[in-house]
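One letter stands for each residue in the lines below.
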Amino acid sequence: MAPSAEAPWVEKSDVVGNEETISKLRAVVAGGNMPNIILSGPPGTGKTTSMLCLAREMLGANYKEAVLEMNASDERGIMVVRDKIKMFAKKKVNLPPGAHKLVILDEADSMTAAAQQAMRRTMELFSGTTRFALACNTSSKISEPIQSRCAILRFTRLSDKELLKRLTHVCGAEGVAATDGGLEALIFTAEGDMRNALNNLQSTHSGFGAVDEQSVFKVCDQPHPHVARKILDDCAKRDLDAAVAGIAGLHATGYAAVDIVATLFKVIKMHPMPEADQLKFIKEIGFAHTRVIDGCATLTQLTGLVARLTQLD
């Protein structure tokens, strides 16, 4: 019987990995003098959670009144900076000596250019009372004047070993029966994203009880890597008919073209073929992914991909 609804496991988990970056944040807490910070890196690597932990450590009981948390992908215009952020920066809060109010802005790279310009001015005017922590996937989308006023800390995708360690811990804590194949499938689908891995783990457990390879791929709705591996093997052997039949079978099952190409890309990176051939395959799959993203997501496009792969020298 499937378990009842419960709190998301991702909300119970600690920050994992990126030890060097986390140690820098701990040094900020120990020093008590926080600069403006940009946290840059892929989704699900712990940027926002790390910033919230830092805020709680530094502000303690004053957290609720001294922290403004916003998501710039929802509120990204100039009026948000003028109305919400500026008003918060003006607000008087009784804090210990040396402490500052904190604005945590998630998805900051979604802000418009005008909003970033307004925020730069706000950062200057209220530098004595307010600090800014900006989380983003790509720091280059933050304007250079803001970058120059911030310390930039970079998060990277988690390694398979780090994902496996945390997934094993969560399975033990939540009483989940997971096979080795199931854990490998979670790691494969997560691509270094801890949040994705934990959400998929909980979804698979809620839907199927046990966590095994087949269940994970059903929940994640991704083509099975064994099928993708077979297609790539057929291409490497120049067996066009078998490769076309494999790609057509995936398409007929209902998988989106972008998911099929993405799975081929993930699998080819782990394929044991000679490196020179592997690079040629990656190049062709990359071109196909670009075309699919641009809207050419048809079976003809996928068939053309495997045809080109079988003809590579």
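Rules of the game
Residues numbered from 1 in each chain as written. Predicted model: local features only at pLDDT ≥ 70, side-chain atom pairs only at ≥ 80, totals over all residues. Heavy atoms only, no water. UniProt positions renumbered as here; feature names shortened; annotations may be inferred. Helix = DSSP H or I, 4+ residues; strand = E, 2+ residues; numbered from the N terminus. Contact = heavy atoms within 4.5 Å. Phe/Tyr/Trp six-rings, centres within 6.5 Å; stacked < 30°, edge-to-face > 60°. Lys NZ or Arg CZ within 6 Å of the ring centre and 35° of its normal. Buried < 20%, exposed > 50% of the residue type's maximum accessible area, 1.4 Å probe, protein only. Pairing = 2+ DSSP bridges. Domains from an automatic or database assignment. Buried area = accessible area lost by both parts, 1.4 Å probe. Axes fitted to C-alpha atoms, helices over the stretch in contact; angles between N-to-C directions. Parallel < 35°, antiparallel > 145°, perpendicular 65-115°, else oblique. Left-handed = near helix turned anticlockwise from the far one by under 90°. Nonpolar A, V, L, I, M, F, W, Y, C, P; charged D, E, K, R; others polar. Core = buried A, V, L, I, M, F, W, Y, C linked by side-chain atoms within 4.5 Å. Polar contact = N/O pair within 3.5 Å; in protein donor to acceptor, adjacent residues only side chain to side chain. Salt bridge = Lys/Arg side-chain N within 4 Å of Asp/Glu carboxyl O.

Under the annotation held in an unreviewed UniProt entry, the chain carries the name AAA+ ATPase domain-containing protein and is attributed to Aureococcus anophagefferens. In its Sequence similarities (unreviewed entry) section, the UniProt entry covering the chain states "Belongs to the activator 1 small subunits family."

A.B. asks: I'm lost on the environment of Met-123 in this one. Help?
C.D. replies: Summarising the element assignment, Met-123 is placed in helix H5 (residues 113-125). It is 9.9 Å that separates the C-alpha atoms of Met-123 and Ile-85, two residues lying 38 residues apart in sequence. Look past the residues within four positions of Met-123 in its chain and what remains in contact with it is Asn-36, Phe-132, Ile-146, Arg-149 and Cys-150.

A.B. asks: Please explain the packing of aromatic side chains as it appears in this structure.
C.D. replies: Any two aromatic rings considered together are summarised by their centre-to-centre distance and by the angle between their planes. A complete count under the given rule lists 1 aromatic pair for this structure. Of note, Lys-101 hangs over the ring of Phe-88, and the distance from its end group to the ring centre comes to 5.6 Å. Lying over the aromatic face of Phe-188, Lys-266 brings its terminal NZ or CZ to 4.6 Å of the ring centre.

A.B. asks: What should I look at first to understand the pairing of strand S3 (residues 101-106) in this one?
C.D. replies: For a regular strand, the rule is simple: side chains alternate between the two faces of the sheet. With 6 of its 6 residues buried, S3 lies for the most part within the structure. Of the two faces of S3, the one holding Lys-101, Val-103 and Leu-105 and the one holding Leu-102, Ile-104 and Asp-106 are both buried throughout. Bridging between strand S2 (residues 67-71) and S3 involves 5 bridges; their strand directions are parallel. Of the residues in S3, the one forming a bridge with Met-70 is Leu-105. In the sheet, S3 pairs with strand S4 (residues 130-136) via 5 bridges, with the strands oriented parallel. Looking at S4, one finds that Lys-101 is bridged to Thr-130.

A.B. asks: Could you clarify how one ought to interpret the domain arrangement of the chain in this entry?
C.D. replies: Frequently, the measure chosen for interface size is the accessible area removed from exposure when the parts meet. In terms of domains, the chain is made up of domain 1 (18-154), domain 2 (160-220) and domain 3 (225-311). On the domain 3 side, the residues contacting the 5 residues of domain 2 number 6 residues. Taken together, both faces of the contact between domain 2 and domain 3 bury some 460 Å²; the carbon and sulfur share is 70%. Per-residue buried area on domain 2 facing domain 3 is highest for Phe-188, Glu-191 and Phe-217; these three make up 82% of the total on that side.

A.B. asks: Just checking my understanding: could you explain the packing of helix H7 (residues 160-174) against helix H8 (residues 180-190) for this structure?
C.D. replies: In a packed pair of helices, the relevant descriptors are the angle between the two axes and the axis-to-axis distance. Where H7 meets H8, the axes come as close as 10 Å, and the angle between the chain directions of the two elements is 130 degrees. By the angle class used here, H7 and H8 are oblique. Read as a crossing pair, H7 and H8 show a hand that is right-handed. Every residue of H8 that contacts H7 at Asp-160, Leu-163, Leu-164, Leu-167, Thr-168 and Cys-171 is listed here: Leu-183, Leu-186, Ile-187 and Ala-190. Among the residues forming the contact of H7 with H8, the class breakdown is 8 nonpolar, 1 polar and 1 charged.

A.B. asks: Looking at this structure, how should I read the nonpolar core?
C.D. replies: Buried together is how nonpolar side chains tend to be arranged in soluble globular proteins. Leu-167, Leu-201, Leu-232, Leu-264 and Ile-285 are the most contacted members of the largest nonpolar core, which has 45 residues in total. Two domains each put at least three residues into this core: domain 2 (160-220) and domain 3 (225-311). If we skip the residues at most four places from it in the chain, Ile-285 touches Leu-232, Val-261, Leu-264, Phe-265, Ile-268, Leu-305 and Leu-309. If you look at the next biggest cluster of nonpolar residues, it comprises 22 residues, including Met-70, Leu-105, Ala-108 and Phe-132.

A.B. asks: I tried to follow the side chain of Ser-139 on my own but got confused; where do I start?
C.D. replies: Tracing the backbone shows Ser-139 in the loop between S4 and helix H6 (144-147). A polar atom in the side chain of Ser-139 sits 2.9 Å from the side chain of Arg-154. Contacts of Ser-139, omitting those with residues within four sequence positions, involve Ile-38, Ser-40, Gln-147 and Arg-154.

A.B. asks: Hey, could you run me through the pairing of strand S1 (residues 37-40) in this one?
C.D. replies: Across the two faces of S1 the burial is the same, with Ile-37 and Leu-39 and Ile-38 and Ser-40 all buried. Sheet analysis places S1 next to strand S5 (residues 151-154), joined by 4 bridges and oriented parallel. When the sheet's bridge partners are listed, Ile-38 is paired in S5 with Ile-152.

A.B. asks: How should the pattern of salt bridges be read in this particular structure?
C.D. replies: Pairing is possible between side chains of opposite charge, provided their charged atoms come close. For the structure on display, the rule yields 8 salt bridges. Measuring nitrogen to oxygen at the nearest pair gives 4.0 Å for the salt bridge that ties Asp-234 to Lys-237. When its relative accessible area of 3% is taken as the criterion, Asp-234 is described as buried. Accessibility expressed as a relative area gives 60% for Lys-237, which makes it exposed.

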